[in-house]
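Survey of secondary and tertiary structure
Read off the chains here:
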Amino acid sequence: MIDRIWSGSSLLYLLLLPLSWLYGLVSVLIRLSYRVGLRKSWRAPVPVVVVGNLTAGGNGKTPMVIWLVEQLQSRGYRVGVVSRGYGGKSPVYPLLLDAQTTTQQAGDEPVLIYQRTGAPVAIAPKRAAAVQALLQRHHLDLVITDDGLQHYALQRDFELVVIDGVRRFGNGWWLPAGPMRERAGRLDTVDARIANGGVAQPGEIAMRLQAREAVNMVSGQRLAAEQLPRVVAMAGIGHPPRFFATLENLRVNVEREVSFADHQQYDLAQLSELTPQGQTLLMTEKDAVKCRSFAQADWWYLPVDAVLPNEQANTLLQRIETLLKN
């Protein structure tokens, strides 16, 4: 239902407009309060790059963060990542992730970024505190913040917005009548715009998600996803249909699709019920980081990588590198 409302397919959004106006007013006042100095923001001693979005729901932001970290690491830079840690609850903040950190503590996306990149990762409700904790433990050249475009308490040197190239901005209204955290005009002030899927508009860099081989969660075996038998596909991400569409494009033999809420935690009994007839369970990598401790032999996940056109990717990286040379 919420997708129909946000897409403009349902007029029920009209009932929510008063709440949206309130949301928009509060959002504008918060940003203005930092701009005029009523609230104080903190500037880190190293460049800060924000990878964020204007809309609620999955836009492909985390794959973009991983891509950016890996690209900068390959160029010899020491990169750290900070996040709010949605879906996790730590007894202490800021929390620096290590090999024992669970998704219950840190949330799924920070754990995924840490495992994929090996970069230092810290989480805290106040991202400035997370940056400070990273810099106390690591000598870094640059910090990337996963989300936080609207977190103005932390100053930033470069803003990158990821846009769902298919859904775009829905009906264009603020939450809850629409998907917008900020109105589309905010794009005029950011440094780079990335369109995930669909057709990139003028001024946007096209990005697509490319699937790797499926990975068995117990043995680590890798196999082309289309070779998996009798698949039950599950996704607890911001926009599950994107994962299911990927499997369809790969011609995976999917018998059933199951969607969960974003950041949902799982247990063995819950997921075992999805394959009562001995089917293969295939999930996103973001889901997999929450299930490793109780994974079964017929459970697999499908990693994806962000792919950008070479010329535009190099230009983007060069622009970020200029921050490190000033």
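Residues numbered from 1 in each chain as written. Predicted model: local features only at pLDDT ≥ 70, side-chain atom pairs only at ≥ 80, totals over all residues. Heavy atoms only, no water.

1. Considerations on the nonpolar core
Cut-off, in case you're wondering: By convention a nonpolar core is built from buried Ala, Val, Leu, Ile, Met, Phe, Trp, Tyr and Cys residues, the set being connected through side-chain atoms within 4.5 Å. Partly exposed residues are those whose accessible area sits between 20% and 50% of the maximum for their type, while under 20% is buried and over 50% is exposed, using a 1.4 Å probe and protein chains only. Runs of E in the DSSP output that reach at least two residues are strands. Runs of H or I that reach at least four are helices, and both are numbered from the N terminus. Throughout, a contact is declared for two residues whenever any of their heavy atoms are within 4.5 Å.
Among the nonpolar cores identified, the biggest contains 38 residues, and Met64, Ile144, Leu308 and Leu316 are the most heavily contacted of them. Broken down by element, the residue count for this core peaks at seven residues, all from helix α3 (residues 61-74). When sequence neighbours within four positions are dropped, the list of residues in contact with Met64 reads Val51, Leu160, Val162, Ile194, Met207, Ala306, Leu308 and Leu316.

2. Details of the sheet that holds strand β1 (residues 48-52)
Basically, it comes down to this: In this scheme, strands are said to pair when DSSP sees at least two bridges between them. To obtain each axis, a line is fitted to C-alpha atoms, and for helices this fit is confined to the stretch in contact; angles are then taken between N-to-C directions over 0 to 180 degrees.
Spatial ordering of the open sheet is given by β3-β4-β2-β5-β1-β6-β7-β8-β15, a layout of nine strands whose pairing is mixed. Looking at the sheet topology across the chains shown, the edges are occupied by β3 (95-96) and β15 (304-307). The pairing of strand β2 (residues 79-83) with strand β5 (residues 142-146) spans five bridges and is parallel. Each bridged residue has a counterpart across the sheet, and for Gly80 the counterpart in β5 is Val143. Here helix α6 (residues 127-137) sits on the sheet in contact with β2, β3, β4 (121-123) and β5, set at roughly 150° to β2.

3. Side note on the UniProt feature "transmembrane region" (unreviewed entry) in the chain
The condition that has to hold: UniProt positions are given in the numbering used here, feature names are shortened, and annotations may be inferred rather than shown by experiment.
In the UniProt entry, the feature "transmembrane region" (unreviewed entry) is given for residues 12-34. As annotated, residues 12-34 comprises 96% helix and 0% strand, and the C-alpha atoms at either end are separated by 34 Å.

4. Examining a nonpolar patch on the surface
Quick reminder of the rule: Without a salt bridge and with relative accessible area above 30%, a residue can belong to a patch; like charges are then joined within 9 Å and nonpolar side chains (Val, Leu, Ile, Met, Phe, Trp, Tyr) within 5 Å. The Shrake-Rupley method, run with a 1.4 Å probe, gives the accessible areas here. Residue values count only the displayed protein chains as cover. Only one rule defines a salt bridge in this text: a Lys or Arg side-chain nitrogen within 4 Å of an Asp or Glu carboxyl oxygen.
A contiguous nonpolar surface patch, about 680 Å² in accessible area, is contributed by Leu22, Leu25, Val26, Leu29, Leu32, Val36 and Leu38. Note that Leu25 resides in helix α2 (residues 13-35).

5. Here's the deal with the environment of Ala122
One can find Ala122 in strand β4. Separated by 91 residues in the primary sequence, Ala122 and Glu213 place their C-alpha atoms 29 Å from one another. Residue contacts for Ala122: discarding those within four places in its chain leaves Val81, Val82, Ser83, Leu95, Leu96, Ala130 and Leu134.

6. So, the UniProt feature "binding site: ATP" (unreviewed entry) in the chain
To keep it simple, the criterion reads: Under this definition, polar contacts are N or O atom pairs within 3.5 Å; protein pairs additionally need one hydrogen-donor-capable and one acceptor-capable atom, and for neighbouring residues in sequence, both atoms have to be side-chain atoms.
In this numbering, the UniProt entry assigns the feature "binding site: ATP" (unreviewed entry) to Thr55, Ala56, Gly57, Gly58, Asn59, Gly60, Lys61 and Thr62. Examined against the element boundaries, Thr55 turns out to sit in the loop between β1 and α3. For Thr55, the residues in contact, after removing those within four places along its chain, are Arg168, Phe169, Pro179, Met180 and Arg181. Separated by 3.0 Å, the side chains of Thr55 and Asn59 make a polar contact. Tracing the backbone through its elements, the reader meets Thr62 in helix α3. Among the residues examined, Thr62 registers a relative accessible area of 8% and is labelled buried.

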